[in-house]
Amino acid sequence: MIDFSGQVVVITGAAGNLGMAAARAFHSAGAKIAVVDKQREVIRVVFGDDIPEDDTCYFMSANLMDEASVAEMVRDIGDHYGRIDVLVNIAGGFSMGPPLYETPLDTWEFMLNLNARTVFLVSREILPLMIEQGTGKIVSIAARAALAGKANMAPYVVSKSAVVRLTESMAAELSEHNINVNCVLPGTIDTPRNREENPEADFSKWVPPGALADVILFLASDGARAINGAAIPVYGRS
Ligand SMILES: NC(=O)c1ccc[n+]([C@@H]2O[C@H](COP(=O)([O-])OP(=O)(O)OC[C@H]3O[C@@H](n4cnc5c(N)ncnc54)[C@H](OP(=O)(O)O)[C@@H]3O)[C@@H](O)[C@H]2O)c1
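Within every chain, residues take consecutive numbers counted from 1 along the sequence as written. Where totals are concerned, whole chains, interfaces and linings use all residues; where local detail is concerned, this predicted model gives features only for residues with pLDDT of at least 70, and gives and counts side-chain atom pairs only at 80 or more. Side-chain metrics rest on all non-hydrogen atoms present in the structure, leaving aside hydrogens and water.

Novice: If you had to explain helix α5 (residues 154-174) to someone new, which residues and values would you point to?
Specialist: Helix and strand assignments follow DSSP, with helices taken as H or I runs no shorter than four residues and strands as E runs no shorter than two, numbered in order from the N terminus. Expected span of a helix, by definition, is 1.5 Å for each gap between consecutive residues, and there is one gap fewer than residues. Taking 1.5 Å of rise per residue, 21 residues should cover 30 Å, and α5 covers 30 Å from first to last C-alpha, within 8% of that figure. Three or more residues of α5 are buried, namely Pro 155, Tyr 156, Val 157, Ser 159, Lys 160, Ser 161, Val 163, Val 164, Thr 167, Met 170, Ala 171 and Leu 174. Residues of α5 that are buried in the fold lie against α4 (105-133), β5 (136-141), β6 (179-186) and β7 (231-234). Classification of residues uses two cut-offs on accessible area relative to the type maximum, computed with a 1.4 Å probe and protein chains only: under 20% is buried, over 50% is exposed, and between them is partly exposed. Contacts are assigned to residue pairs with any non-hydrogen atoms lying within 4.5 Å of each other.

This is the structure:
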């Protein structure tokens with residue numbers, strides 16, 4: 001098992017399906033975690049008695065689309081733990097749309113803000129800390145759908161493509177600072193929402209959140225120090 005003792009890991013979207021799995025995995029591996037999501041109360045309910053807020057787990061609410069809220073969140077975590085070793089950008093989401101010619105501007109902007117702006121704002125805010133430390137790892141969640149355009153999901157595809165390009169750009173800028181920036185391209189994750197929306201699908205072909213969390217932990221570990229700017233496919237058996 002990878003040992004994250006002594007490391008501080010920030011996980012955004014931590015109250016969601018993948019976020020929970022990643023937060024639990026990092027915590028079990030000895031990390032001090034800061035779990036970030038929209039509502040503190042939801043975080044509290046999700047982590048329950050399992051991982052209560054204590055000196056190894058810090059609950060943090062923020063609107064990650066909002067510049068001031070992100071700045072406050074990062075300042076708060078920095079003050080609390082004194083360092084940030086790993087950032088896992090998980091907050092994001094998907095919605096199927098109409099064809100592009102019927103897509104409202106609001107839908108376009110929401111999807112880009114949800115998936116790309118959040119990664120930009122949180123990474124930008126945390127990076128000066130990592131640069132000062134001389135070490136850091138960022139792992140972001142793009143999607144398999146980032147690789148090619150598809151009907152009725154242009155805003156999502158574009159927003160996740162942006163995550164891949166942001167990853168490559170940051171990796172190019174930061175390698176001299178001993179900071180690795182990578183992303184994963186999940187296929188369909190085995191979540192309750194996906195099961196509900198696709199009851200006929202073969203769930204065994206999807207990616208279990210815990211399996212995806214294992215890949216994220218590896219990318220955040222010293223074992224992945226030679227990987228920088230990569231977009232790793234994690235498709236399960238689909
Ligand atoms: N599920 C899949 O099949 C799949 C496939 C490929 C890639 N992905 C990507 O994997 C990641 C995790 O997916 P998931 O299924 O675990 O999603 P999820 O369960 O919806 O979790 C995402 C979490 O992010 C939070 N969040 C959204 N906007 C936020 C904001 N502005 N500020 C703070 N928190 C915010 C959400 O809160 P609310 O619920 O309150 O909005 C939610 O708790 C996402 O980036 C998703 O796009 C998922």
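Novice: Give me the lowdown on the site of the ligand, citing residues and values where you can.
Specialist: In the vicinity of the ligand there are 27 residues, among which Leu 18, Asp 37, Lys 38, Ile 90 and Asn 194 approach most closely. Between the ligand and Ile 189 there is a distance of 2.9 Å, counted from an oxygen atom to a backbone nitrogen or oxygen. Whenever two N or O atoms come within 3.5 Å, that pair is a polar contact, provided that in protein one can donate a hydrogen and the other can accept it, and provided that, for residues adjacent in sequence, both atoms are side-chain atoms. Between Asn 194 and the ligand, the recorded distance is 2.9 Å, taken from a side-chain N or O atom to an oxygen atom. With respect to the detected pockets, the ligand is housed in the largest pocket. For the shell around the ligand, the secondary structure elements donating two or more residues are α1 (17-28) and α5. Throughout this document, a residue counts as near a molecule or strand when at least one of its heavy atoms sits within 4 Å of that molecule or strand. As defined here, a cavity is a set of points on a 1 Å grid over the protein atoms alone where a 1.4 Å probe fits but cannot get out. A pocket is an open set with protein on both sides within 12 Å along at least five of seven lines, and residues line them when an atom is within 4 Å of a point. A cavity or pocket is said to hold a molecule if more than half of that molecule's atoms lie within 2 Å of its grid points.

Novice: Go over empty space enclosed by the protein with me, naming the residues and quoting the values.
Specialist: Grid points are joined across faces, edges and corners, and a volume is the space filled by probe spheres set on the points. Under the definition given, this model contains two cavities of 30 Å³ or more. The volume enclosed by the largest cavity comes to roughly 40 Å³. Around the largest cavity sit Ser 95, Met 96, Gly 97, Pro 98, Thr 103, Thr 107, Asn 152, Met 153 and Pro 155, which together line it. Split by residue class, the lining of the largest cavity holds four nonpolar, five polar and no charged. Counted as a void, the second largest cavity has a volume near 30 Å³. Every residue along the wall of the second largest cavity is listed here: Thr 12, Leu 64, Asn 89, Ile 90, Ala 91, Thr 118, Val 119 and Val 122. Ranked by residues supplied to the lining of the second largest cavity, first place goes to α4 with three residues. In this count, Pro and Cys sit with the nonpolar residues alongside Ala, Val, Leu, Ile, Met, Phe, Trp and Tyr, while Asp, Glu, Lys and Arg are called charged and the others, Gly among them, polar.

Novice: Run through α4, naming residues and quoting values.
Specialist: Its 29 residues place the ends of α4 41 Å apart at the C-alpha level, agreeing with the 42 Å of an ideal helix rising 1.5 Å per residue. In this scheme, the bend at a residue equals the angle between the axes fitted to the seven residues that finish there and the seven that begin there. Maximum bend of α4: about 40°, positioned at Asn 113. Within α4, the full set of buried residues consists of Met 111, Leu 114, Asn 115, Ala 116, Thr 118, Val 119, Leu 121, Val 122, Ser 123, Ile 126, Leu 127 and Met 130. Here the buried face of α4 lies against β1 (8-12), α3 (67-81), β4 (86-89), β5, α5 and β6. Positive phi shows up at Gly 134, right after α4, with a value of about 80°.

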